[in-house]
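# Per-entry structural report
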Amino acid sequence: MDTWHSIVRHSITTIDDLKKHLDGDFNALNDVIARYPMRINSYLLDLIKKHGPAIGRQFIPHPDEIHDTACTADPLGEEQLSPAPNLVHKYPDRVLLLVAGQCAAYCRFCTRKRIVGTPKMKITSEGLTTALDYIRSHTEIKEVLISGGDPLLLSDDHLAAILEKLRCIDSVEIIRIGSRVPCTLPMRVTPELVAMLRHFHPLYINTHFNHPAELTPEAEKACTMLADAGIPMGCQTVLLRGINDDATILRNLFRKLLKIRVRPYYLFQADLSLGTDHFRTTTDQGIAIMRQLYGHLSGMAIPTYALDLPRGKGKVPLTPDYIVKKGDILHFTNFLGEPCCYPEPKNFA
Ligand SMILES: *Cc1c(COP(=O)(O)O)cnc(C)c1O
Ligand code: SF4
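## Overview of the overall build of the protein chain
- When its secondary structure is counted, the protein chain shows 12 helices and 12 strands.
- Expected size for 349 residues packed as a compact globule is a radius of gyration near 20 Å; at 21 Å, the protein chain falls within 12% of this value.
- Considering the protein chain as a whole, with its 349 residues, one finds that 51% of them fall into the buried category.
- Partitioning the contacts of the protein chain with sequence separation of at least 6, the portion at a separation of at least 24 is 75%.
- Accessible surface for the protein chain amounts to roughly 16600 Å². Of this, 54% is attributable to carbon and sulfur atoms.
- Charged side chains of the protein chain number 40 positive and 39 negative; the gap between the two group centres comes to 2 Å.

## Here's the deal with the nonpolar core
- Residues Leu18, Ile40 and Leu197 are the most contacted members of the largest nonpolar core, which totals 96 residues.
- Here this core takes six residues from helix H10 (residues 217-228), the largest share from any one element.
- The contact partners of Ile40, leaving out residues within four places of it in the chain, are Ser11, Ile12, Leu18, Leu45, Ile48, Phe59 and Ile60.
- If you look at the next biggest cluster of nonpolar residues, it comprises eight residues, including Leu96, Leu98, Cys103 and Ile115.

## A few points about the site of ligand 2
- Cys103, Ala105, Tyr106, Cys107, Cys110 and Arg180 make up every residue found near ligand 2.
- Assessed atom by atom at 2 Å from the grid points, ligand 2 resides in the largest pocket.
- Among the residues forming the shell around ligand 2, the class breakdown is five nonpolar, no polar and one charged.

## Describing the site of ligand 1
- Close to ligand 1 lie Val88, Lys90, Tyr91, Arg94, Leu96, Leu145, Arg176, Tyr265, Tyr266, Asp308 and Lys315.
- At 2.6 Å from an oxygen atom of ligand 1 is found a side-chain nitrogen or oxygen belonging to Tyr265.
- Interatomic distance of 3.0 Å between a side-chain N/O atom of Lys315 and an oxygen atom of ligand 1.
- A total of 380 Å² of accessible area belongs to ligand 1 in isolation, and the protein chains cover 90% of it.
- Judged by the proximity of its atoms to the pocket grid, ligand 1 belongs to the largest pocket.
- Those elements that provide at least two residues to the shell around ligand 1 are strand E1 (87-91), strand E2 (94-98) and strand E7 (262-268).
- In terms of residues, the shell around ligand 1 owes the most to one element, E1, which gives three residues.
- Counted by class, the shell around ligand 1 contains six nonpolar, no polar and five charged residues.

## Side note on the layout of surface pockets
- By volume, the largest pocket amounts to about 1100 Å³.
- If you go around the largest pocket, you meet 48 residues; those closest to its centre are Thr111, Arg112, Ser147, Gln236 and Phe268.
- Secondary-structure elements contributing two or more residues to the lining of the largest pocket are E1, E2, strand E3 (143-147), strand E4 (174-178), strand E5 (203-207), strand E6 (233-238) and E7.

## Overview of empty space enclosed by the protein
- In the structure shown here, the tally under the stated rule is one cavity of 30 Å³ or more.
- Considered as a void within the structure, the largest cavity measures approximately 30 Å³ in volume.
- Those elements that provide at least two residues to the lining of the largest cavity are E2 and helix H6 (125-137).
- Residue composition of the lining of the largest cavity, grouped by class: five nonpolar, three polar and no charged.

What counts, and where the lines are drawn
Residues numbered from 1 in each chain as written. Chains lettered and ligands numbered in written order. Predicted model: local features only at pLDDT ≥ 70, side-chain atom pairs only at ≥ 80, totals over all residues. Heavy atoms only, no water. Helix = DSSP H or I, 4+ residues; strand = E, 2+ residues; numbered from the N terminus. Rg over C-alpha atoms; globule rule 2.2 N^0.38 Å. Buried < 20%, exposed > 50% of the residue type's maximum accessible area, 1.4 Å probe, protein only. Contact = heavy atoms within 4.5 Å. Areas by Shrake-Rupley, 256 points an atom, 1.4 Å probe, with all protein chains shown as cover. Lys, Arg positive; Asp, Glu negative; His and termini not counted. Charge placed at Lys NZ, Arg CZ, Asp CG, Glu CD. Core = buried A, V, L, I, M, F, W, Y, C linked by side-chain atoms within 4.5 Å. Near = heavy atom within 4 Å. 1 Å grid on protein atoms, 1.4 Å probe; cavity = no way out; pocket = protein on both sides within 12 Å on 5 of 7 lines; lining within 4 Å. Sits in = over half its atoms within 2 Å of the grid points. Nonpolar A, V, L, I, M, F, W, Y, C, P; charged D, E, K, R; others polar. Polar contact = N/O pair within 3.5 Å; in protein donor to acceptor, adjacent residues only side chain to side chain. Points joined across faces, edges and corners; volume = space filled by probe spheres on them.

Function cannot be read off these values alone, since they describe shape.
Next comes the structure, spelled out in structure tokens:
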């Protein structure tokens, strides 16, 4: 059996290679991948062949990527909010630490598309030391979210060394890893990796599935191994036009995730990341979808629909408004659209 390393190494990265494996008009794509790299491994290629555009459009480059005039390169203002290399400090009690520049596959809608998979994303051990010094000296930081790129593309030893250094900082209580590997390269989740990770509890993993077709037996196995190691699993789905902007698809995805002990955490409104405008839906569409979930699906399977505000202003939840009229009596509609009311308490001084 191929090791995950060799699966990554043999990924499709050129247009000539893509043409050998898939049908389609890929001629205009050399300019696209010169700016934004492509990486499609054999596991994903099989999934694309089996399920078509719902998977393919996430990973196959598109000419629109270089004709985007609506979005900006660093929509979340990460570079302004960075007090040390590859560290983003936006919220008082938690930071984002970028430890890897590569991913198992390059999602075309990536929020860090400007740098991920390119030499612009420089990860050095000096930079990491500076970032760790910052975390150590800011004791208000209780949680470190490790992302990239994909941290699970690092070797077990390299990742263990980073986790070890974080665990030596007393003020850091929670470590959270963000990784799409359970979806894009599930064979990376080996017994050795899992045995290593369980030394660093409390450790959480937020993964990233966007479509029910991604929940293969292999993906299910990877998530189960991690959950069995006591790692609470969450999922950060991105709402993508023409891929999953549909209540039936998302209901199915969230229900299946819950069944394999991955709790839907966020459904993200697509960021304003340059080269991804063609994936965006309107927030009205997103809110209408959420309205078709509340009450119709286990509350545990319903993520928060969130918009990560431009310029690093933080995430805000977007929720359907069930309130029709406020006053002594609150008038609202329930999940079935029935009018309901609730008398407010009289003495609320
Ligand atoms: C999203 C994000 C976090 C984590 O936010 P949660 O709401 O706790 O998931 C932390 N730091 C940065 C910079 C972020 O963008
Ligand atoms: S796995 Fe995450 S970081 Fe990597 S390309 Fe996809 S969205 Fe971007």
